[in-house]
Amino acid sequence: MKTVSLIGSTGSIGRQTLDVVKMHKDKFSVKCLTARSNVELLLKQAEEFLPEYIGVTDTDKYKELKTFSNNKYKILAPDEANMFASTAADFIVVSCTGINGLLPTINALKNGKNVGLANKETLVTGGKFVIDALREGKGNLFPIDSEHSAVWQSLRAGNEKEVKKVILTASGGPFVDYTKEELKSVTPSMALKHPNWNMGGKITIDSATLMNKGLEFIEAMYLFDLKPEQIEIVVHRQSIIHSMVEYIDNAVVCEMSYPTMIIPIQYAMTYPERSETEIKSLDFCAVGKFDFEKPRYDAFPCLRLALNAAQYGGIMPIVLNAANDFAVYEFLREKIGFIDIAKIVECELNRTVNVNNYSLEDIPLIDREVKERLEGTC
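Quick caveat: nothing in here was measured; it's all calculated off a predicted structure.

Cut-off values and rules
- Along every chain, residues carry numbers that run from 1 in the direction the sequence is written.
- Thresholds applied to this predicted model are a pLDDT of at least 70 for local features of residues and 80 or more for the giving and counting of side-chain atom pairs; totals over whole chains, interfaces and linings are not thresholded and use all residues.
- Side-chain calculation: all heavy atoms of the structure are included, whereas hydrogens and water are not.
- Numbering of helices and strands starts at the N terminus; helices are DSSP runs of H or I of at least 4 residues and strands are runs of E of at least 2.
- Put simply, the radius of gyration uses C-alpha atoms, and a globule should come to 2.2 Å times the residue count raised to 0.38.
- The rule is simple: take the accessible area with a 1.4 Å probe, protein chains only, and divide by the maximum for that residue type; under 20% is buried, over 50% is exposed, in between is partly exposed.
- Contacts: residue pairs with any heavy atoms within 4.5 Å of one another.
- Throughout, the Shrake-Rupley method with a 1.4 Å probe supplies accessible areas, and for residues the shown protein chains are the sole cover considered.
- At least two bridges found by DSSP between two strands is the condition for calling them paired.
- Angles run from 0 to 180 degrees between N-to-C directions of axes, and those axes are lines fitted to C-alpha atoms, restricted for helices to the stretch in contact.
- We define a salt bridge as a side-chain nitrogen of Lys or Arg found within 4 Å of a carboxyl oxygen belonging to Asp or Glu.

Right, let's talk about the overall build of the protein chain for a bit. The secondary structure content of the protein chain amounts to 17 helices and 11 strands. For 378 residues, the compact-globule estimate of 2.2 N^0.38 gives 21 Å, and the C-alpha radius of gyration of the protein chain, at 20 Å, lies within 12% of that figure. Counting the 378 residues in the protein chain, one finds 55% classified as buried. Of the contacts made within the protein chain by residues no fewer than 6 positions apart, 68% connect residues no fewer than 24 positions apart. Counting every atom, the protein chain has about 17,100 Å² of accessible surface; 48% of that belongs to carbon and sulfur.

Let us look at the pairing of strand β3 (residues 53–56). The side-chain alternation of β3 yields two buried faces, one formed by Y53 and G55 and the other by I54 and V56. The sheet contact formed by strand β2 (residues 28–35) and β3 spans four bridges and is parallel. Each residue of the ladder has a partner; that of C32, found in β3, is Y53.

Relative to the helices and strands, T270 is located in helix α12 (residues 262–270). Given a relative accessible area of 9%, T270 falls into the buried group. In this structure T270 touches F28 and S275, once residues within four positions along its chain are discounted.

Let us look at the sheet that holds strand β8 (residues 163–170). Paired through their backbone hydrogen bonds, the strands of a sheet run either parallel or antiparallel. The strand order across the open sheet built from four strands is β9-β8-β10-β11, with neighbouring strands paired in mixed fashion. The outermost strands of the open sheet, each flanked by one partner alone, are β9 (231–235) and β11 (252–256). Here the average twist between neighbouring strands, direction ignored, is 20°. Strand direction decides the pairing type here: strand β10 (residues 241–247) and β11, joined by five bridges, are antiparallel. Each residue of the ladder has a partner; that of M244, found in β11, is C254. Contacts from helix α11 (residues 211–223) reach β8 and β9, with the element oriented near 155° to β8.

Next up on the list: unusual backbone geometry. With omega at 10°, the peptide bond leading from Y271 into P272 counts as cis. Relative to the helices and strands, P272 is located in the loop between α12 and α13 (284–287). In the Ramachandran plot, N250 falls in the positive-phi region, its phi being about 75° despite a non-glycine side chain. Although it is not a glycine, E334 sits at a positive phi angle of roughly 65°.

To continue, consider the sheet that holds strand β5 (residues 91–94). Judged by pairing direction, the sheet is parallel, and its seven strands sit side by side in the order β4-β3-β2-β1-β5-β6-β7 without closing on themselves. Pairing within the sheet leaves two strands with one partner each, and these edge strands are β4 (74–76) and β7 (140–143). Each adjacent strand pair in this sheet contributes to an overall mean axis angle of 20°, direction not counted. Bridge count between β3 and β4: three bridges; the pairing is parallel. Bridge assignment links G55 to a residue of β4, and that residue is L76. Its contacts with the sheet put helix α2 (residues 39–49) on β2 and β3, and the angle it makes with β3 is roughly 170°.

Summed over all chains, the structure comprises 24 salt bridges. With a shortest N-O distance of 3.8 Å, E40 and K44 are connected by a salt bridge. Of this pair, E40 and K44 both sit in helix α2, four residues apart, which is roughly one turn of that helix. Comparing E40 with K44 shows no difference in burial state: the two are exposed. Put simply, K120, D145, E147, K213 and E216 are held in one network by salt bridges that share partners.

Take a look at the structure:
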């Protein structure tokens with residue numbers, strides 16, 4: 001039986017990972033659960049899955065956790081919870097938000113652990129350090145994002161020398177047909193209603209601005225050792241084809257299913273085998289047709305900004321991510337408008353002097369500097 005350590009257990013991916021564990025109790029047991037601050041849900045999860053260790057990274061919530069846990073579990077201190085979880089089990093799922101997933105991912109890989117990565121910021125901000133850790137250690141990195149899982153699965157049809165390009169699909173989000181004028185009136189409640197996917201708040205807003213697809217573009221470069229010109233983005237509104245790989249003979253291989261995170265999560269956890277799921281089989285006649293179109297870069301400039309940052313390299317993806325984090329948070333607080341997210345990100349990128357020589361320790365410092373600067377100017 002494979003033991004599982006889950007960093008970010010109370011978020012959307014974390015909850016669905018536990019659904020996979022529940023479906024395959026003969027294959028998985030939970031060793032460690034960590035969350036940021038949702039003590040109530042964490043304790044409910046612990047009661048059901050009986051981990052040996054639990055922890056939160058929020059200092060105030062840590063006191064609450066110790067009060068209500070009744071000594072049933074070993075409680076991890078906030079400053080050690082995620083790092084401890086990164087080596088506590090056979091398989092490590094990193095599904096926390098922000099750059100908090102970077103160091104645990106690197107630590108897990110260096111210690112020979114298999115990692116299911118569902119944290120975009122890890123590769124966007126520290127991709128080169130993650131790849132170095134992957135090469136140094138004996139661990140493996142398995143993507144859990146639906147798009148990257150689809151690419152990973154499609155790559156089993158050939159070898160890396162035969163890959164011509166990767167095609168990432170995007171639903172287009174809830175405002176795919178909005179004019180630039182209509183986008184000015186988008187509210188947080190409107191943006192949080194994704195037409196196809198059930199995701200956390202931050203990633204749902206990123207999907208609405210198409211920043212999410214830009215971040216996935218950067219991730220794909222690291223995950224599959226691709227140059228920017230080897231990646232194409234197309235809008236596929238049905239969200240059935242989750243991404244594709246085109247080979248040098250012009251054959252295109254894809255992975256398809258109804259929109260669900262269960263399949264990519266489970267595939268990472270059971271690789272190289274597959275297991276049954278409770279997801280319904282794809283009915284092609286019911287789907288009817290597949291539509292594809294080019295992204296509207298003019299209406300959704302966040303995507304263009306992300307692709308530019310990917311081309312620039314250096315610290316620009318770190319700045320892009322930090323500025324977007326800040327702007328999305330301000331939008332959700334109704335402090336700025338929907339179209340202001342891209343304006344803030346672009347302004348920060350334009351006033352940043354790019355640096356290519358930086359350390360792993362510099363990443364959180366850059367992240368904090370960007371957000372503090374924006375806090376003082378926005």
